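Notes for the structure review
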Amino acid sequence: MTATTSAPTTDESLSALLRTGTRGEHQAAESSAFVDRLLAGDLTAAAYTDLAAQLLHVYRALEQVGDSLADDPVGSTLVFEALRRAPALEHDLAALSGADWRERPDVITPHPVTAAYTARILAGGLTGYVAHAYTRYLGDLSGGQIIARMVQRHYGIPEDALTFYRFPEIDKLKPFKDVYRARLDALTLTAEQRHAVVAESREAFRANRELFTVLGAAHLS
Ligand code: HEM
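Below, the structure is looked at part by part. Keep in mind it's a predicted model, so treat the numbers as computed, not measured.

Section: the pattern of salt bridges
The tally for this structure, following the rule as stated, stands at 13 salt bridges. Among the salt bridges present, the one from Arg-166 reaches Glu-159, with a minimum N-O distance of 2.5 Å. For Arg-166, a relative accessible area of 27% gives the class partly exposed. Overlapping salt bridges bring together Glu-25, Glu-203 and Arg-206 as one network.

Focus on the site of the ligand
Surveying the vicinity of the ligand reveals 19 residues, the closest of which are Arg-19, His-26, Tyr-134, Lys-177 and Arg-181. Arg-19 places a polar side-chain atom, nitrogen or oxygen, 2.8 Å from an oxygen atom of the ligand. At a separation of 2.7 Å, an oxygen atom of the ligand approaches a polar side-chain atom of Arg-181. The set of elements that each furnish at least two residues to the shell around the ligand consists of α2 (23-30), α3 (33-40), α8 (125-141), α9 (143-155), α10 (173-186) and α11 (191-219). When residues in the shell around the ligand are grouped by element, the largest group, five residues, is from α8.

Concerning the coordination of the iron atom of the ligand
For the iron atom of the ligand, the protein contributes exactly one donor atom, His-26 (NE2), at 2.1 Å. Summarising the element assignment, His-26 is placed in helix α2.

Cut-off values and rules
Residues numbered from 1 in each chain as written. Predicted model: local features only at pLDDT ≥ 70, side-chain atom pairs only at ≥ 80, totals over all residues. Heavy atoms only, no water. Salt bridge = Lys/Arg side-chain N within 4 Å of Asp/Glu carboxyl O. Buried < 20%, exposed > 50% of the residue type's maximum accessible area, 1.4 Å probe, protein only. Near = heavy atom within 4 Å. Polar contact = N/O pair within 3.5 Å; in protein donor to acceptor, adjacent residues only side chain to side chain. Helix = DSSP H or I, 4+ residues; strand = E, 2+ residues; numbered from the N terminus. Donors = N, O, S within 2.8 Å, 3.2 Å for Na, K, Ca; no water.

Right under this line is the structure:
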């Protein structure tokens, strides 16, 4: 009798492993009370501003790691200048909070959960970068587009304060996401590294959920 392989998922593409491996976490993040109420129009523009301000710390860390991978033959294939979000968030925060936002502790102070999230990103190395970049950027290119539409509609936030969700250098989001997934699948990673990426992506989703929980505590009545 021939022995069957013991780890069938090893042959699956990384993009498929990530999608299936984080499905539950995605559902949980998507249906968190903060996101749910934000999209329903029950909160305020200030709630969205708080989210954007916390995300700035996340993207600064992520993009710092991305920059450090510029000369890495593997990591650099997943660094796209067109995805860089920190400058867009800085622009949006000026529009949302005023030109002095950088001097305002209520805007720029990271919540402890955000500090833990950014520390995780900074400590994650190559597999950490792949996981955290996938979780945030593909999310922005997907559900992020819905968030932008809803906060614009419900809270009257102008387009110029939502450049975080706009990718002027990307012509069509859907084909770009396919390219991104193809890049994920072409990464030369060992089976252990691929599993580490999926595990870290779950942690990234959890970190986002924790952020939604603290934002919910501040903004849900
Ligand atoms: C407002 C709540 C959200 C909605 C409505 C939403 C919606 C969606 C939709 C419709 C897709 C599928 C897009 C496609 O296959 O092209 C998607 C994919 C994705 N979303 Fe979300 N999402 C939300 C929140 C989040 C959050 C909070 C994160 C993580 C921080 C996230 C991360 C992702 C990722 C990584 C994917 C790509 C999945 C894959 O194909 O591998 N999403 N989202």
